[in-house]
Amino acid sequence: MTGLILTLNAGSSSIKFSVYDGDARLFRGQVERIGPNGRLTVKDDQDFEHPVTAPDLSDHGSAVQAILTNILPLLDGRKISAVGHRVVHGGMRFDAPAVLADETIAYLETLTPFAPLHQPHNLAGIYAARAAFGDVPQIACFDTAFHRHHPFVNDTFAIPREYYDQGVRRYGFHGLSYDYITSEIAKQSPTLAQGRVVIAHLGNGASMCAVRGGRSIASTMGFSALDGLPMGTRCGQIDAGVVLYLMQQENMTADQISDMLYKNSGLLGMSGVSNDMRTLERSDQIGAKQAIDYFIFRIQRELGAMAAVLNGIDALIFCGGIGENSTLIRERVCSGMEWMGIELDHTRNAENTPRISAELSRVTVMTIPTNEEVVIARAVRNLA
Ligand code: AMP
């Protein structure tokens, strides 16, 4: 395919987009606060912000139309030849990107109960793009696909089998990020790519993935994007008994508990200060310190578990806003892990170089900036 590719990442109140020519991103931007106070921004690859006209950003449909109207004049007559969508859930069926035929979209609709906070918005983006682009091929790239072939023990919960059969499984998320990181490892070190790698995607959403030979073996995220590590506002691993307690003793409704676990927990809930790691690192409040302590503790605990699942570890990769930028968090995660063969080079870590482990460290430790959108653009190129 020689035309340009538009990638869309539709959330509840925003749509992020990029325009790609091969692996090169020409433009990017977003519509924020879809609704009466919506705002569209368009930037080129030099970070120059282009003036826009966006009379109507009241819903996903008008937002996609506004993106199109503002982008097309910047493309020197070149056409968008395919659109790639980030879709949170591909269910049991998809282990790879898929062309969005009617029947595929109907299947994705059936997955809404599995991801009620994300899937409907992803679908709204798909419908809006179909309306705006007519026959241009549309491709879905799933956050779950990378994890689809977990062994049964990493795919199930110990609840009655009928629920597993109906799809209550450990899907895992952040798959586009892990896909990108494994492709980068393969570029940088084919030997490591064949090895046992733990990837820590530490951002506002956070998870870890155990990868062997380029394939996901286990993920800290499970049925939903709530499980595993504590995140900006999400709780991470929690005893199901806590949810029962909140329902039975505190008379909280499902919506109230959902709000609490997704929006008011994690670093924000624990610290009472912020969901933002930079703010927590600067804060002298005890809550901020405890939230960071817990974040580190859970990462180290999962690192041990993943090394066990992989029968050892050859590389630890940090990515995501925190993983790529926070010298302190990387330092603290690796501290005390020398028994596992992890030895950090503190100067390299402070300088944010790609390889941050010491020369003689048995485990290679790296930071690799992730790029979920280029994974979508590549998938579209292969399929459209
Ligand atoms: P993401 O969701 O991947 O964009 O990551 C957002 C998170 O990365 C926020 O918690 C930010 O505070 C954090 N972050 C970004 N830059 C830094 C930095 N230099 N030091 C610490 N945390 C950072």
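Residues numbered from 1 in each chain as written. Predicted model: local features only at pLDDT ≥ 70, side-chain atom pairs only at ≥ 80, totals over all residues. Heavy atoms only, no water.

(A) Region of interest: the UniProt feature "site: Transition state stabilizer" (unreviewed entry) in the protein chain. Taking the UniProt record as the reference, the feature "site: Transition state stabilizer" (unreviewed entry) is found at His-174 and Arg-234. The topology assignment puts His-174 in the loop between helix H4 (161-165) and helix H5 (175-188). Of the residues examined, His-174 reaches a relative accessible area of 10% and is grouped as buried. Here Arg-234 shows up in the loop between strand E11 (215-219) and helix H7 (240-248). Excluding residues within four positions of it along the chain, Arg-234 makes contact with Gly-205, Met-221, Ala-225, Leu-226, Leu-261, Tyr-262, Ser-265 and Gly-266. Among the polar contacts made by the side chain of Arg-234, one reaches the main-chain carbonyl oxygen of Ala-225 at a distance of 2.9 Å. (UniProt positions renumbered as here; feature names shortened; annotations may be inferred. Helix = DSSP H or I, 4+ residues; strand = E, 2+ residues; numbered from the N terminus. Buried < 20%, exposed > 50% of the residue type's maximum accessible area, 1.4 Å probe, protein only. Contact = heavy atoms within 4.5 Å. Polar contact = N/O pair within 3.5 Å; in protein donor to acceptor, adjacent residues only side chain to side chain.)

(B) Molecular detail of the site of the ligand. Taken together, Gly-203, Asn-204, Asn-275, Asp-276, Met-277, Arg-278, Glu-281, Gly-320, Gly-321, Ile-322, Asn-325 and Ser-326 form the complete shell of residues around the ligand. Residue Asp-276 places a side-chain N or O atom 2.5 Å away from an oxygen atom belonging to the ligand. For the ligand, a nitrogen atom lies 3.5 Å from a polar atom in the side chain of Asn-325. Here the ligand loses 71% of its free accessible area of 510 Å² to cover by the protein chains. Put simply, the parts of the chain that give the shell around the ligand at least two residues each are helix H10 (277-282) and helix H12 (320-325). Of the residues belonging to the shell around the ligand, the class tally is 2 nonpolar, 7 polar and 3 charged. (Near = heavy atom within 4 Å. Areas by Shrake-Rupley, 256 points an atom, 1.4 Å probe, with all protein chains shown as cover. Nonpolar A, V, L, I, M, F, W, Y, C, P; charged D, E, K, R; others polar.)

(C) Layout of the sheet that holds strand E6 (residues 80-87). Strands sit in the order E5-E4-E3-E2-E1-E6-E8-E7 across an open sheet of 8 strands; the sheet is mixed. Each edge of the open sheet is held by one strand with a lone partner, namely strand E5 (49-50) and strand E7 (98-99). (Pairing = 2+ DSSP bridges.)

(D) Representation of the state of the cysteines. Counted under the stated rule, the structure contains 0 disulfides. Of all cysteine sulfurs in the structure, the one in Cys-209 sits closest to Cys-235, which takes part in no disulfide; the separation is 20 Å. The class of Cys-235 is buried, set by a relative accessible area of 12%. Distance from the sulfur of Cys-319, which forms no disulfide, to the nearest cysteine sulfur (Cys-209) is 9.9 Å. (Disulfide = S-S within 2.5 Å.)

(E) A look at the side chain of His-85. Within the secondary structure, His-85 sits in strand E6. When neighbours within four sequence positions are excluded, His-85 is seen to be in contact with Leu-8, Leu-100, Gly-125, Ile-126, Ala-129, Gln-138, Ile-139, Ala-140, Cys-141 and Ile-376.

(F) Representation of the nonpolar core. One finds Leu-202 and Leu-316 to be the most contacted residues of the largest nonpolar core, which totals 57 residues. In terms of residue count, helix H11 (residues 286-309) provides more of this core than any other element does, 9 residues in total. Apart from residues no more than four positions distant in its own chain, Leu-202 is found in contact with Leu-229, Phe-295, Ile-299, Phe-318, Cys-319, Gly-320, Gly-321, Ile-322, Gly-323 and Ile-329. (Core = buried A, V, L, I, M, F, W, Y, C linked by side-chain atoms within 4.5 Å.)

(G) Geometry of the sheet that holds strand E10 (residues 206-212). Here 5 strands make up an open sheet; going across it, the order is E11-E10-E9-E12-E13 and the pairing mixed. Two strands bound the open sheet, and with one partner strand each, they are E11 and strand E13 (364-367). Along the sheet, successive strands turn relative to each other by an average axial angle of 25°, direction set aside. Where E10 and E11 come together, 4 bridges link them in antiparallel fashion. (Axes fitted to C-alpha atoms, helices over the stretch in contact; angles between N-to-C directions.)

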